[in-house]
Amino acid sequence: MTHNTPLTPRPLSELSDVRRRVVTVRTLRAWGVPLAEAQDRCRPGGPWQRPLPGVYLLHSGPASGEERLHAVLRYAQRDEPPGPAMVTGLAALALRGFDAAPRLAALERVDVLVPHTRRLRSTGWARVARARVMPVAEEAGGVPVAPVARAVADAVARLTDAVTVRRLLTEAVRGGHCEPQTLVRELTRTRALSRAHVVDAVDSLLAEGRALAEERLYAMVRDAGLPDPCWHVELRLPHGPPGCAVDAYWPGQGVAVELDARGTRRTGEDGGNLWAEHAHRRETLERLGITLLHLAPLRLRDDPHGQAAVVRTALMTAGERPPAAYVVVLPR
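What comes next concerns the included structure. Nothing here was measured: the structure is a model prediction, and the numbers come from that model.

Remarks on the nonpolar core
Now for step 1: V87, L169, L183 and L187 are the most contacted members of the largest nonpolar core, which totals 58 residues.
Now for step 2: At seven residues, the largest contribution of residues to this core is made by helix α6 (residues 148-156).
Now for step 3: Aside from chain neighbours lying at most four places away, what touches L169 is V152, V156, L183, L187, A201, V202 and L205.
Now for step 4: Residues V221, L295, V311 and A314 belong to the second largest nonpolar core, which totals 17 residues.

Quick word on the packing of aromatic side chains
Now for step 1: Under the counting rule described, the total for this entry stands at one aromatic pair.
Now for step 2: Its guanidinium or amino end placed over the ring of W48, R41 lies 5.2 Å from that ring's centre, counting from NZ or CZ.

So, unusual backbone geometry
Only a minority of non-glycine residues have a phi that is not negative, and only a minority of peptide bonds are not trans.
Now for step 1: Even without being glycine, R191 reaches a positive phi, approximately 65°.
Now for step 2: Inspection of the secondary structure assignment puts R191 in the loop between α8 (180-189) and α9 (196-223).
Now for step 3: For R191, a relative accessible area of 69% translates into the label exposed.
Now for step 4: In this structure, H232 is a non-glycine residue whose phi angle is positive, near 50°.
Now for step 5: Secondary-structure assignment places H232 in strand β9 (residues 230-236).

Focus on the sheet that holds strand β13 (residues 328-331)
Now for step 1: Spatial strand order, β12-β11-β10-β9-β13: five strands in an open sheet with mixed pairing. Two strands in the sheet have a free side with no partner beyond their single neighbour: β12 (291-295) and β13. Sheet twist, expressed as the average angle between the axes of neighbouring strands with direction ignored, equals 45°.
Now for step 2: Sheet analysis places strand β11 (residues 255-259) next to β12, joined by five bridges and oriented parallel. Its bridge partner being in β12, L259 is matched across the sheet by L295.
Now for step 3: Helix α13 (residues 304-316) contacts β10 (244-250), β11 and β12 of the sheet and is inclined by roughly 180° relative to β12.

Observations concerning the environment of R26
Now for step 1: Structurally, R26 can be placed in helix α2 (residues 25-30).
Now for step 2: On the basis of relative accessibility, which here comes to 35%, the residue R26 falls in the partly exposed class.

Notes on the sheet that holds strand β3 (residues 55-57)
Now for step 1: The three strands are arranged β1-β3-β2 in an open sheet whose pairing can be described as antiparallel. Every interior strand has two partners, whereas the edge strands, β1 (22-24) and β2 (49-52), have only one. Across the sheet, the mean angle from the axis of one strand to that of its neighbour is 40°, orientation sign disregarded.
Now for step 2: Running over the sheet, helix α4 (residues 65-76) touches β1, β2 and β3 and is turned about 10° from β1.

Considering α8
Now for step 1: Among the residues of α8, P180, Q181, L183, V184 and L187 are the ones counted as buried. For α8, the buried positions fall inside an angular range of 160° around the axis, keeping them on one side.
Now for step 2: Structurally, α8 contributes buried residues whose contacts are with α6, α7 (162-174), α9 and α12 (297-302).
Now for step 3: In the stretch just after α8, R191 is the one whose phi turns positive, near 65°.

Points about the pairing of strand β5 (residues 110-115)
Now for step 1: Most of β5 sits out of view: six of its six residues are buried.
Now for step 2: Pairing between strand β4 (residues 86-88) and β5: three bridges, direction antiparallel. Across the sheet, the residue bridging to V87 is V112, located in β5.
Now for step 3: Of the strand pairs in this sheet, β5 and strand β6 (residues 126-131) are connected by six bridges, and their pairing is parallel. Its bridge partner lying in β6, D111 is registered against R127.

What counts, and where the lines are drawn
- Residues numbered from 1 in each chain as written.
- Predicted model: local features only at pLDDT ≥ 70, side-chain atom pairs only at ≥ 80, totals over all residues.
- Heavy atoms only, no water.
- Core = buried A, V, L, I, M, F, W, Y, C linked by side-chain atoms within 4.5 Å.
- Buried < 20%, exposed > 50% of the residue type's maximum accessible area, 1.4 Å probe, protein only.
- Helix = DSSP H or I, 4+ residues; strand = E, 2+ residues; numbered from the N terminus.
- Contact = heavy atoms within 4.5 Å.
- Phe/Tyr/Trp six-rings, centres within 6.5 Å; stacked < 30°, edge-to-face > 60°.
- Lys NZ or Arg CZ within 6 Å of the ring centre and 35° of its normal.
- Pairing = 2+ DSSP bridges.
- Axes fitted to C-alpha atoms, helices over the stretch in contact; angles between N-to-C directions.
- Arc of directions from axis to C-beta.

In structure tokens, the structure reads:
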């Protein structure tokens with residue numbers, strides 16, 4: 001058998017698609033191609049190449065970005081049955097059309113996410129990332145990709161350029177791909193928040209996300225026809241110590257709203273107390289007869305009518321509760 005001997009009765013036109021140009025040993029066997037013949041065709045000067053273990057590229061020229069992508073996925077899914085795997089990092093963002101990510105063709109390596117139990121190593125075009133709990137894969141460009149927050153965090157973990165990091169984070173949030181809190185949780189997981197340029201970018205991002213959440217809160221109150229509250233005030237007893245800061249307060253009904261900040265970068269040593277801080281604030285206000293509602297920015301975006309109903313119910317049922325204590329309302 002020579003390099004020019006036909007390998008299969010399938011028409012050669014079927015191999016024009018990238019999914020046909022990038023194949024595994026298992027596929028070649030199904031086509032009736034012996035392993036020895038495949039290896040012979042990958043010798044120097046031969047018509048094929050083997051860029052990754054068990055993966056063959058059915059031409060000898062430079063691989064395209066799409067071919068590298070599919071080769072890495074085939075490498076990661078080569079087990080029988082195929083193991084779970086999805087593209088992450090810059091390649092996943094390129095597939096989603098992120099302006100801040102390089103084009104797929106410019107990436108020499110493709111990050112692929114697999115369970116931490118998989119005995120798969122980084123090699124060639126494939127750079128393996130591991131997850132103790134695999135996220136639910138999404139689809140972009142016809143291939144499984146990690147959710148945006150996970151893909152951005154995996155990309156940022158390997159980047160040293162502050163400008164690129166800031167652009168990726170900003171595009172992820174401004175483009176509506178994910179919420180800042182979700183992104184920060186993923187960055188915490190990769191320990192990227194130990195690097196100054198990432199922390200600076202996150203602080204700017206959270207400030208912008210906070211401003212956006214406040215705009216959604218204003219719009220919810222206006223569009224739902226709710227009474228105008230006192231905006232961004234501190235509640236305290238007369239002559240008492242510093243009180244509780246809230247984002248909106250209806251003094252006649254004793255109802256306060258706070259944008260839920262859980263999930264921000266206050267994690268680790270002081271972030272471990274964040275839930276306790278919320279509970280303490282709620283208990284303090286409840287002792288004064290004030291109902292504190294936590295509204296999540298994501299819910300304000302996705303279900304403003306539902307969040308307005310929560311506030312309206314609290315306002316309407318105020319008469320069923322004991323009257324709130326007299327508190328001083330101060331701008332903050």
